[in-house]
Amino acid sequence: MIRPSFHSSPAFLARAIDLGEADRRLTFFTRDAGVLVTVGKSAWRSRKRFGGALQRYVLLDIAWTQRTGRMAVLSSASVNRSFWGIVEDWERVRHADHLLEIASELFPQAGPKPRAFEVLLRGMRSIADGEPPPETARRAEAEFLAIGGWGPDLSGCRKCKEKEGRSYRFLASEGGVLCEACPPGGGSPLSLGAVKTWRALQAGKTTARGRLRIPVVIAEELRAVIPEYVEYCLGKQLRSLGKK
């Protein structure tokens, strides 16, 4: 008989589905195993093992057992840190759900995901601490895309290499921006400021005070472009934010 292997990791609960009257199918985004799907035996009833810890917007320390060819079984879960500031406002909830969704969707492969997990953790902390949720989401989206290898080329026009034009167009199919003169037509308009801001975000740059502040006008430009590019990379529509 093959003995189960034992594992542990910091994690966020991404999804929970009831399995019968007592069990739950629990999907976590973990630092050390990426997306992890487990069954929580008697998760509704077992206060000893889980103690009410299985909630969203909470940094958890989880442990599980794994047998080849079988779903992992959650053995314990404890709260490392709660981000209850998120549940005080619906916009915070929507954007926290968005971060959980895109982390799980962009990095579905098993295996350690320390950089992506750190971006998710920073995003949750920022939203709970009162940072503007859309600004936090754009920062996390840009970093997630860069970590996953989907970061667009924002160094200048993809065709003529113009770097200081007043305005550009972002085309997902081109993997970057084009100036107004170069074909093909179409795309989403972006100012030079928006292009530079996105470039700084995906490089993970900060100011001397620790945060790269995004002007409202530029934040609106990026809100219209970056989430749609995430969906283009995934090949499907995201559920969490929906369409305005």
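This report concerns the structure included in the present document. Since we're looking at a predicted model, the values are computed, not measured. (Residues numbered from 1 in each chain as written. Predicted model: local features only at pLDDT ≥ 70, side-chain atom pairs only at ≥ 80, totals over all residues. Heavy atoms only, no water.)

Side note on the packing of aromatic side chains
Tallying each qualifying case throughout the model produces 9 aromatic pairs. Judged by centre distance (5.7 Å) and plane angle (40 degrees), the ring pair of F12 and F117 falls under tilted. With F12 in strand β1 (residues 5-19) and F117 in helix α3 (residues 114-128), this residue pair connects regions lying 105 residues apart in the sequence. F117 matches F12 in its accessibility class, with the two residues each being buried. One aromatic cluster is present, formed by F12, F29, F83 and F117 through successive ring pairs. (Phe/Tyr/Trp six-rings, centres within 6.5 Å; stacked < 30°, edge-to-face > 60°. Helix = DSSP H or I, 4+ residues; strand = E, 2+ residues; numbered from the N terminus. Buried < 20%, exposed > 50% of the residue type's maximum accessible area, 1.4 Å probe, protein only.)

Considering the pairing of strand β2 (residues 23-30)
Along β2, 6 of the 8 residues are buried, which leaves the element largely enclosed by surrounding structure. By the bridge criterion, 8 bridges tie β1 to β2 in an arrangement that is antiparallel. The residue bridging L19 from the neighbouring strand is D23, located in β2. Connecting β1 to the antiparallel partner β2 that follows it, the hairpin turn spans 3 residues, and G20 within it adopts a positive phi of roughly 75 degrees. Looking at chain direction, β2 and strand β3 (residues 34-40) are connected through 7 bridges and run antiparallel. (Pairing = 2+ DSSP bridges.)

Regarding the sheet that holds strand β4 (residues 58-66)
Adjacent strands of a sheet form backbone hydrogen bonds with each other and so pair up, either parallel or antiparallel. The 5 strands lie next to each other as β1-β2-β3-β5-β4, forming a closed barrel whose pairing is mixed. Taking the axes of each pair of neighbouring strands and ignoring which way they run, one obtains an average angle of 45 degrees across the sheet. For β4 and strand β5 (residues 72-82), the ladder comprises 8 bridges, and the chain directions are antiparallel. For A63, the partnering residue across the bridge sits in β5 and is S76. (Axes fitted to C-alpha atoms, helices over the stretch in contact; angles between N-to-C directions.)

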